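Chain by chain, the residues:
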Amino acid sequence: MDRSLDFAKRYTDISAEQTETIKSCRKSVLFSNGKVWRKKNSDFDITMGALDGAEAADLTGLFLLGQVQQYLEMNHKGSNCGLYRDDGLIYVENSNGPEITKITKALHKIFKNNQLKITVEQTGKIVNILDVTLSAINGSYKPYKKPNSNIAYVKRASNHPSSILKNIPASIQKRLSCISSTEEEFEGAKEEYQAALKTAGYSKELMYEQRGRTGKPKNRKRQRKIIWYNPPFSKNVATNIGERFFELVRLHFPPQHPFHALFNKKTIKLSYSCMINMDGIVKSHNKAILKKAEDEEKQSERRCNRRTPENRPVGNTCLKSGVVYEALIKHSDGVEQKYVGMTGGSFKTRFN
């Protein structure tokens, strides 16, 4: 991460405070049942599933991609490389087996110098990456799906905003068209996607979209600073939450209000957040109940984990939780006092 930040500072300004913030966000711990879990060697971690983790991965990826590109330019003219998240692709022109082996060793060395590892696959002139099959033979490309993977879409009758349900078939059609070099490639791949749409309750027939910009290019507009409001969506709610929300904005921030420039319909946007479905709620509830019962069963089977009997302060029950305990405290001057306490966790954590 330090090397990636130094690399980024060549192209943009990153203050010391921003650098410290980025590094602090890499420290992660896990809380479970009132206990804190840390990694053995370091708290450093790149979290998954969040924008912060994706941006950190992109920054490191650009740093490594720059080193790979520099190596290729110096040793293999006509080569090129690209990266998306943790999937990379290198194109080497007019290469043979020894040259490919040499490049593979160089890649391992570059990543090893940065305390990382890489897996390299030699695929020939046709390669599958992400959801696309690329061919260096004729420059064609077509949709790709991993073997034995099932295509499933949100059902038409599900509890989602109508705007999302309406755009699902259109977005699938657009994506398949973008990753198909010709209409023939599109028609050859659309059957499975069409069947999945039909299963989900959609009637739209997928059609190939011609690519290419039409008309004059749009002028670049200044991006506004937008405040997003994301209320939960449910078909069971009859009230138009969005309309009522903007009525309140107009009521409390009229044109003559000093904060009207910050809070108006052009600076505040609304986008519904989808709620978890009933199947997810039931599974989550059952999982919590079963885990609790399993933990209680394990706890009852294992009452003490101290190795030697002489180190067991309360016999064989130091792991018992939800207890009230009494301790006899002896002061250095010989005075004895009783202390009574209670804990919701195990007695061992309080005794230690």
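Residues numbered from 1 in each chain as written. Predicted model: local features only at pLDDT ≥ 70, side-chain atom pairs only at ≥ 80, totals over all residues. Heavy atoms only, no water.

**As for the overall build of the protein**
Now for step 1: If you tally the helices and strands in the protein, you get nine helices and 13 strands.
Now for step 2: Out of the 352 residues in the protein, the part that is buried amounts to 23%.
Now for step 3: Of the contacts formed within the protein by residues at least 6 apart in sequence, a portion of 50% connects residues at least 24 apart.
Now for step 4: When the accessible surface of the protein is split by element, carbon and sulfur atoms take 53% of a total near 27300 Å². (Helix = DSSP H or I, 4+ residues; strand = E, 2+ residues; numbered from the N terminus. Buried < 20%, exposed > 50% of the residue type's maximum accessible area, 1.4 Å probe, protein only. Contact = heavy atoms within 4.5 Å. Areas by Shrake-Rupley, 256 points an atom, 1.4 Å probe, with all protein chains shown as cover.)

**A short note on the sheet that holds strand β7 (residues 141-143)**
Within a sheet, adjacent strands bond to each other through the backbone by hydrogen bonds, running parallel or antiparallel.
Now for step 1: The three strands lie next to each other as β5-β6-β7, forming an open sheet whose pairing is antiparallel. This sheet does not close on itself; its edge strands, each paired only once, are β5 (126-129) and β7. Averaged over all pairs of adjacent strands, the angle between their axes in this sheet comes to 20°, without regard to strand direction.
Now for step 2: Two strands pair when backbone bridges link them, and β5 and strand β6 (residues 132-135) are joined in this way by four bridges, in the antiparallel orientation. Note on β6: the bridge partner recorded for Val 127 is Leu 134. (Pairing = 2+ DSSP bridges. Axes fitted to C-alpha atoms, helices over the stretch in contact; angles between N-to-C directions.)

**Looking at the pairing of strand β4 (residues 87-91)**
Now for step 1: Where strand β3 (residues 80-84) and β4 come together, five bridges link them in antiparallel fashion. Within β4, the position partnered with Asn 80 by the bridge is Tyr 91.

**Examining helix α5 (residues 162-178)**
Now for step 1: Here α5 contains 17 residues, and its C-alpha end-to-end distance of 25 Å stays within 8% of the 24 Å for a straight helix at 1.5 Å per residue.
Now for step 2: Approximately 35° is the largest bend angle found in α5, and it occurs at Ile 168, with the proline Pro 169 only one to four residues beyond.
Now for step 3: Taken together, the buried positions of α5 are occupied by Leu 165, Ile 168, Pro 169, Ile 172, Gln 173, Leu 176 and Ser 177.
Now for step 4: Against β7 and α6 (183-199) lie the buried residues of α5. (Expected span 1.5 Å × (residues − 1). Bend = angle between axes of the 7 residues up to and from the residue.)

**With respect to the confidence of the model for the protein**
Now for step 1: In this model, the protein carries a mean pLDDT of 83, and residues with pLDDT of at least 70 account for 89%.
Now for step 2: Ranking the elements of the protein by mean pLDDT puts helix α9 (residues 347-351) last, at 69, and helix α7 (residues 241-252) first, at 93. (pLDDT = per-residue confidence, 0-100.)

**Brief notes about the pattern of salt bridges**
Now for step 1: Under the definition given, this model contains eight salt bridges.
Now for step 2: Where Asp 2 meets Lys 23, a salt bridge forms, and the shortest distance between an N and an O atom there is 2.9 Å. On the criterion of sequence distance, the pair formed by Asp 2 in helix α1 (residues 2-8) and Lys 23 in helix α2 (residues 16-24) is long-range, its members being 21 residues apart.
Now for step 3: With a closest N to O distance of 3.4 Å, Glu 205 and Lys 190 form a salt bridge. Note that Glu 205 is positioned in the loop between α6 and β8 (227-229) and Lys 190 in helix α6, a separation of 15 residues in sequence.
Now for step 4: Given a relative accessible area of 45%, Glu 205 falls into the partly exposed group.
Now for step 5: By relative accessible area, Lys 190 is classed as buried at 12%.
Now for step 6: Within the structure, one salt-bridge network assembled from shared partners comprises Glu 187, Lys 190 and Glu 205. (Salt bridge = Lys/Arg side-chain N within 4 Å of Asp/Glu carboxyl O.)

**Structural notes on α6**
Now for step 1: The terminal C-alpha atoms of α6, which comprises 17 residues, lie 24 Å apart, in line with the 24 Å expected from a rise of 1.5 Å per residue.
Now for step 2: At Lys 190, α6 is bent by approximately 45°, the largest bend along its length.
Now for step 3: Restricting attention to buried positions, one finds in α6 the residues Phe 186, Ala 189, Lys 190, Tyr 193, Gln 194, Ala 196 and Leu 197.
Now for step 4: Along its buried surface, α6 packs onto β7 and α5.
Now for step 5: Gly 201, located one to two residues past α6, shows a positive phi value of around 100°.

**Topic: the packing of aromatic side chains**
Now for step 1: By the definition in use, this model includes seven aromatic pairs.
Now for step 2: Cluster of aromatic residues (ring-pair linked, three or more members): Phe 7, Tyr 11 and Phe 63.
Now for step 3: A cation over a ring is seen here: Lys 265 above Phe 246, with NZ or CZ 5.5 Å from the ring centre. (Phe/Tyr/Trp six-rings, centres within 6.5 Å; stacked < 30°, edge-to-face > 60°. Lys NZ or Arg CZ within 6 Å of the ring centre and 35° of its normal.)

**Re unusual backbone geometry**
Now for step 1: Here the phi dihedral of Gln 115 falls at roughly 55°; this positive angle occurs in a residue that is not glycine.
Now for step 2: By the secondary structure assignment, Gln 115 is in the loop between α4 (97-113) and β5.
Now for step 3: Accessibility expressed as a relative area gives 62% for Gln 115, which makes it exposed.
Now for step 4: Notably, Leu 130 is not glycine yet its phi reads approximately 55°, a positive angle.

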